[in-house]
Amino acid sequence: MREYLREHGWAVVLSVLLHGLLVGSLVFAALISAHRTPPSVQPLPIDAVVVSSQVLHASQAARERAEQEAAAKAAQDAKAAQDAKAAEDAKAAEEAKAVQDAKAAAEAKQAADTKAEEAAADAAKAAAAEQQKAKQARQAAEADLAEQAKREADANAAAAKAAEVKKAAEAKQAAEEKRIADAKHAADERARADREAELRRQLADEEHRSAVESGPMRDSYIAKLRNKIQNAWIKPPSASVGLDCLVAVTQIPGGEVTSARVTQCNGDAAARQSIENAVYRASPLPEPPDPALFERNFVFRFHPDE
């Protein structure tokens, strides 16, 4: 309605003014006819005609009827003009309403179109997002497949390398076991040979020792030991005639005495101590004429009166 009035304002105003002027003219004419005084009749000097009062009243009545009819017609015309104006106003209002409804419909259509466009844009955006998501998922799946393939390839390579390493380790272990077995066999052979040689040497030593011990060299060696110890003995005052003791001696190669202990003796403690001191003073003891006669631990009889 506002848009219609804005566009046809001058036409509406002009139409209202024209209808107002028309109504005003009719009303003015009716008013003038009602209040107009009849013109004065001047008597003619001649040819005067006398009109009866009935004729005058009839004429006046006719004039009043004419004026009333004119006023009624003017009122009717004013009403018609007013009705026409009202119709035009109603028509203008209908046209304005139609324009407003059309505008509202256009705005609603535009809003619907905008909403539809926004929905389409949202749908397109959602579809693009889904496509991007699907693309990313596909790329991730492809990357996973590639990674899995790489892991499988690495696992196969590692397995092959492990198999090679295991094979090499087994070969090395077999070679090492063979070397150890050969070394053990050689060591066993050497040990067996050494044992046999040691047995032969021991047998030879035993035979030689038996031969030496059964010969005069042993007696001569024992006599040297006894003489040197008895010569180093300082007889204590308590030692009686007929002293007879057994002495256990430990020596190292070279004759150095490391231990001397009287095991059996018919003398007192002073006699025992004097014999042990004599053994230590006699160190180093004489070396045997034959190494087979050397004994690290030996026992001899101390009997100074013989």
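Further up the page is the structure itself.
What comes next is a walk through the structure. Remember, predicted model here, so these are calculated numbers, not experimental data.

Observations concerning the overall build of the chain
Then comes step 1: Within the chain one finds four helices and three strands.
Then comes step 2: Shown N-terminal to C-terminal, the secondary structure of the chain runs as helices and strands in the order α-α-α-β-β-α-β.
Then comes step 3: Looking at the chain residue by residue over its 306 residues, the buried ones come to 16%.
Then comes step 4: By sequence separation, contacts in the chain at least 24 residues apart represent 73% of the contacts at least 6 residues apart.

Examining a nonpolar patch on the surface
Then comes step 1: A cluster of nonpolar residues, Leu14, Leu18 and Leu21, forms a patch on the protein surface that exposes about 320 Å² of accessible area.
Then comes step 2: Accessibility expressed as a relative area gives 59% for Leu21, which makes it exposed.

Observations concerning the pattern of salt bridges
Then comes step 1: Applying the stated criterion across every chain, the model contains eight salt bridges.
Then comes step 2: Here Lys178 makes a salt bridge to Asp182, at a shortest N to O gap of 3.1 Å. Here the residue Lys178 and the residue Asp182 both occupy positions in helix H2 (residues 53-213), the gap between them amounting to four residues, near one helical turn.
Then comes step 3: A salt bridge links Glu189 to Arg192, with the nearest nitrogen and oxygen atoms 2.7 Å apart. Remark: Arg192 and Glu189 occur in helix H2; sequence separation between them is three residues, near one turn of the helix.

Some words on the sheet that holds strand E3 (residues 297-302)
Each strand in a sheet pairs with another by means of backbone hydrogen bonds, the pair being arranged parallel or else antiparallel.
Then comes step 1: If you walk across this open sheet you meet the three strands as E2-E1-E3, and the pairing is antiparallel. The open sheet terminates on both sides in strands that have one partner only, identified here as strand E2 (257-265) and E3. Neighbour to neighbour, the strand axes of the sheet diverge by 25° on average, direction disregarded.
Then comes step 2: Across seven bridges, the pairing between strand E1 (residues 245-251) and E2 is antiparallel. Within E2, the position partnered with Gln251 by the bridge is Val257.
Then comes step 3: Seen against the sheet, helix H3 (residues 216-231) touches E1 and E3 and runs at an angle of roughly 65° to E3.
Then comes step 4: Packing against the sheet, helix H4 (residues 269-281) makes contact with E1, E2 and E3, and its axis sits at approximately 150° to E2.

Thoughts on unusual backbone geometry
With the exception of glycine, the majority of residues adopt a negative phi angle, and the majority of peptide bonds are in the trans configuration.
Then comes step 1: Pro284 follows Ser283 through a cis peptide bond whose omega is 0°.
Then comes step 2: With respect to the secondary-structure elements, Pro284 resides in the loop between H4 and E3.

Observations concerning the packing of aromatic side chains
Then comes step 1: On inspection of all chains with the given rule, the structure shows two aromatic pairs.
Then comes step 2: Considering the side-chain rings of Trp233 and Phe302, the 5.3 Å spacing of their centres and the 80° angle between planes classify their relative orientation as edge-to-face. In this pair, Trp233 sits in the loop between H3 and E1 while Phe302 sits in strand E3, placing the two residues 69 residues apart along the sequence. Each member of the pair Trp233 and Phe302 is classed as buried.
Then comes step 3: Measuring from centroid to centroid gives 6.4 Å for Phe298 and Phe300, while their planes differ by 40°, and the two rings are tilted.

Criteria and cut-off values
Residues numbered from 1 in each chain as written. Predicted model: local features only at pLDDT ≥ 70, side-chain atom pairs only at ≥ 80, totals over all residues. Heavy atoms only, no water. Helix = DSSP H or I, 4+ residues; strand = E, 2+ residues; numbered from the N terminus. Buried < 20%, exposed > 50% of the residue type's maximum accessible area, 1.4 Å probe, protein only. Contact = heavy atoms within 4.5 Å. Patch = residues over 30% accessible without salt bridge, like charges linked within 9 Å, V, L, I, M, F, W, Y side chains within 5 Å. Areas by Shrake-Rupley, 256 points an atom, 1.4 Å probe, with all protein chains shown as cover. Salt bridge = Lys/Arg side-chain N within 4 Å of Asp/Glu carboxyl O. Pairing = 2+ DSSP bridges. Axes fitted to C-alpha atoms, helices over the stretch in contact; angles between N-to-C directions. Phe/Tyr/Trp six-rings, centres within 6.5 Å; stacked < 30°, edge-to-face > 60°.

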